[in-house]
Amino acid sequence: MKTIPTITVFCTAALWILYVDAFTHHCRPMYSINGNNARRISGPISQAAATSSNQIQDEGDSASLLGKNQSSPSEFRSLSQPTMIRGERYYNATNNSSLPSPIEIANRLNIQPTKEASSQEWQRAWKTHKRLIPLLHSTDRCKPPDSSLNIACMWWKALSGNDKSSPVYDDGLAYDLLPSVWRKLVSSKVRRFYPRLHHGNVELRTAYLDKCVRDIVQEVRVNSNTTKIRLVCMGAGYDTRGIKLLERGWVDTVVELDLPNVVDAKKRLFQRLQKRRPLLRGMELPTLIPSDFNDMADVKVKLEALLKDDDTAAAQEEWFTIFVFEGVMIYLDEGIPSALLNVSSTVLRDKKGKGALCLADRLENVPGGDPEAGILELESNGWKIIDWSPKPGLARHMLSARLLLHEG
Ligand SMILES: C[S@@+](CC[C@H](N)C(=O)[O-])C[C@H]1O[C@@H](n2cnc3c(N)ncnc32)[C@H](O)[C@@H]1O
């Protein structure tokens, strides 16, 4: 009987911490950086400032810095360590004028804008959030490893997925991936008590990518109702887009690639998910493929294996492949993000396949939101941009592209 009061105390404490975390998490620090020297700007984030300076906007921008360098606020202030994240080298005070404000993007995507708060609150929030994650998963038998913040993303996506007023509402799918008991902290009943902070920001990416995939699917279906659609999610982490789109019948098959330990954990999470959602037992779930993207030879082999039958006589149907990149390029070695774009277009073209790309991530060689730089980067790697929607933050490039059939 003693366990009940203990659990209650634990849950109350956790709820409080999560609330403080969420309440303060929206507050992103703003950085004005010249060359390698980072300087934090305190105070509320104004829309004007957001468009003109390097505002830290999402988990790829802020938490990853803390994730790799989490011991003290002074370390947190500096973005200059080369080992922290690849995108750091692109910071420059003059290169962000082409980025619209988060409010503009939110309006465009029909998403409620995130709340404004100070950078100090943001710092406090991230610390509490990080501390809370081990507690939230303390009783989790699936024990998913925290890899480049994918656990934080999982919780943020569950919060938005439980929001009936949001275009990313998923009827509790992302929520069903979370550990028992603790997940009640983000249930649909309490969800509304969390101010729109980090989860609101990640919601922008989710909404953009869902819409991007939906538009492509419609385009393919208009041209042919026999073509099958394959979704390939690169660095999918614990995201549930694959299952969501299979359930909706938008796509015919889903393949997700991530690091081996993440893939192993996701298999365990899928087993639990099927127990919670029995309808999924009769459905083909995403195929999970382990791959370290910093090993380009491995990525190429895995992608070629995926498409191996597409151009053979044995292929009964024509396939259209949609690649999705969401918040993964930020964590990869220099040169790898461009190489990934290149290898994905190359394997498709080699198989005479048709395909498209949906991306909410950080491109190389594109410092700000200038469409010209984006077009050049994509075209030199085999893709033609159809929609370009940059947003502030490190994961600032949101785009939809189609396979260029002839390079150059
Ligand atoms: C911020 S999480 C994003 C996960 C997911 N796309 C989402 O939005 O929820 C980054 C993901 O990139 C993956 N990742 C990081 N480095 C990787 C690498 N070298 N190879 C493959 N995946 C990697 C991580 O394991 C993690 O799942």
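Analysis parameters
- The numbering scheme is per chain: residues are counted from 1 as the chain's sequence reads.
- In keeping with the model being predicted, local features are shown solely for residues with a pLDDT of at least 70 and side-chain atom pairs are shown and tallied solely at 80 or more, while totals for entire chains, interfaces and linings include all residues.
- Each nonpolar core consists of buried Ala, Val, Leu, Ile, Met, Phe, Trp, Tyr and Cys residues. Their C-beta atoms, within 7 Å, join them into a set.
- Any residue with 12 or fewer other C-beta atoms within 10 Å of its own C-beta is exposed, any with 20 or more is buried, and the rest are partly exposed; the C-beta atoms used are placed from the backbone.
- Secondary structure is summarised from DSSP: a helix means a run of H or I of at least four residues, a strand means a run of E of at least two, and numbering begins at the N terminus for each.
- Just so you know, the domain bounds were taken from an automatic or database domain assignment.
- A pair of residues counts as a contact when their C-beta atoms, built from backbone coordinates, are within 7 Å of each other.
- A residue counts as near a molecule or strand when its C-beta atom, positioned from the backbone, falls within 6 Å of it.
- All residues other than Ala, Val, Leu, Ile, Met, Phe, Trp, Tyr, Cys, Pro, Asp, Glu, Lys and Arg, Gly among them, are scored as polar; the first ten of these are nonpolar and the last four charged.
- Criterion used throughout: strands pair if DSSP finds at least two bridges between them.
- A fitted line through C-alpha atoms represents every axis, and for helices the fit uses only the stretch in contact; the resulting angles, taken between N-to-C directions, go from 0 to 180 degrees.
- An angle below 35 degrees is treated as roughly parallel, one above 145 as roughly antiparallel, one from 65 to 115 as roughly perpendicular, and anything else as oblique.
- Throughout, a crossing is termed right-handed when the near helix is turned clockwise from the far one, and left-handed when it is turned anticlockwise from it by less than a right angle.
- Throughout, right-handed denotes a crossover for which the path from the first strand over the helix to the second runs clockwise when the strands point away from the viewer.
- Directions pointing from the helix axis toward each C-beta atom define the arc.

A.B. asks: Could you give an account of the nonpolar core, naming the residues involved and the relevant values?
C.D. replies: Core analysis: the biggest nonpolar cluster contains 58 residues, and Val 213, Leu 231, Val 232, Met 234, Ile 322, Val 324 and Cys 358 have the highest contact counts within it. The dominant element in this core, judged by the number of residues it contributes, is helix 8 (residues 198-223), at eight residues. When residues of this core are assigned to domains, at least three map to each of domain 1 (3-149) and domain 2 (201-403). With sequence-adjacent residues up to four places away left out, Ile 322 is seen in contact with Val 213, Ile 216, Ile 229, Leu 231, Val 232, Gly 355, Ala 356 and Cys 358. Cys 153, Leu 173, Leu 259 and Val 262 belong to the second-largest nonpolar core, a separate cluster that totals 28 residues.

A.B. asks: How would you sum up the site of the ligand? Please name residues and give values.
C.D. replies: Surveying the vicinity of the ligand reveals 21 residues, the closest of which are Ser 147, Cys 153, Gly 235, Gly 237 and Phe 293. Residue classes in the shell around the ligand are distributed as nine nonpolar, seven polar and five charged. When residues of the shell around the ligand are assigned to domains, at least three fall in each of domain 1 (3-149) and domain 2 (201-403).

A.B. asks: Would you mind going over the environment of Pro 390 in detail, with residue names and values included?
C.D. replies: For Pro 390, the position within the fold is in the loop between strand 9 (383-388) and strand 10 (397-403). Ignoring sequence-local partners within four residues, the contact set of Pro 390 consists of Ser 98, Leu 99, Pro 100, Gly 369, Arg 396, His 397 and Met 398.

A.B. asks: Would you mind going over the sheet that holds strand 4 (residues 228-234) in detail, with residue names and values included?
C.D. replies: Pairing between the strands of a sheet comes from backbone hydrogen bonds, and it takes one of two forms, parallel or antiparallel. The strand order 6-5-4-7-8-10-9 describes an open sheet built from seven strands, whose pairing is mixed. Where the open sheet ends on each side, the last strands, each with one partner, are strand 6 (287-290) and strand 9. Adjacent strand axes in the sheet meet at a mean angle of 20° when their direction is disregarded. Inspection of the sheet shows strand 8 (residues 354-361) paired to strand 10 by six bridges, in the antiparallel sense. Bridge pairing in strand 10 links Leu 357 to Ala 401. Against the sheet, helix 10 (residues 260-276) contacts strand 5 (253-258) and strand 6, and its axis sits at roughly 155° relative to strand 6.

A.B. asks: Requested: an account of the packing of helix 11 (residues 296-306) against helix 12 (residues 336-350), with residues and values cited.
C.D. replies: For the pair helix 11 and helix 12, the least separation of the axes is 10 Å and the interaxial angle reads 25°. One finds that helix 11 runs roughly parallel with respect to helix 12. Note that helix 11 runs across helix 12; the crossing there is right-handed. When helix 11 is examined against helix 12, the residues Met 296, Val 299, Lys 300, Leu 303 and Glu 304 are found in contact with a partner set consisting of Ile 336, Ala 339, Leu 340, Val 343, Ser 344 and Val 347.

A.B. asks: Now, about unusual backbone geometry: what can you tell me, with residues and values included?
C.D. replies: When glycine is set aside, most residues are seen to have a negative phi, and most peptide bonds are trans. Backbone geometry places Asn 110, a non-glycine residue, at a positive phi of 65°. Along the chain, Asn 110 falls in the loop between helix 5 (102-108) and helix 6 (119-136). Judged by the 11 C-beta atoms lying within 10 Å of it, Asn 110 is exposed. If you check the backbone angles, Lys 143 has positive phi at about 40° while not being a glycine. Tracing the sequence through the fold places Lys 143 in the loop between helix 6 and helix 7 (150-161).

A.B. asks: Which residues make up the pairing of strand 4, and what values do they have?
C.D. replies: Counted residue by residue, strand 4 has six buried out of seven residues, so it is predominantly covered. Examined bridge by bridge, strand 4 and strand 5 share five bridges and lie parallel to one another. Paired with Val 232 across the strands is Val 255, a residue of strand 5. Regarding topology, helix 9 (residues 241-247) serves as the crossover connection from strand 4 to the parallel strand 5, and that connection is right-handed.

A.B. asks: Which residues make up helix 11, and what are the values?
C.D. replies: Turning to helix 11, its buried residues number three or more, namely Val 299, Leu 303 and Leu 306. Angularly, the buried residues of helix 11 cover 50° about the axis, an arc narrow enough to put them on a single face. Turned more than 90 degrees off the buried face of helix 11, the exposed positions are Ala 297 and Ala 305. Taken together, the buried residues of helix 11 touch strand 4, strand 5 and helix 12.

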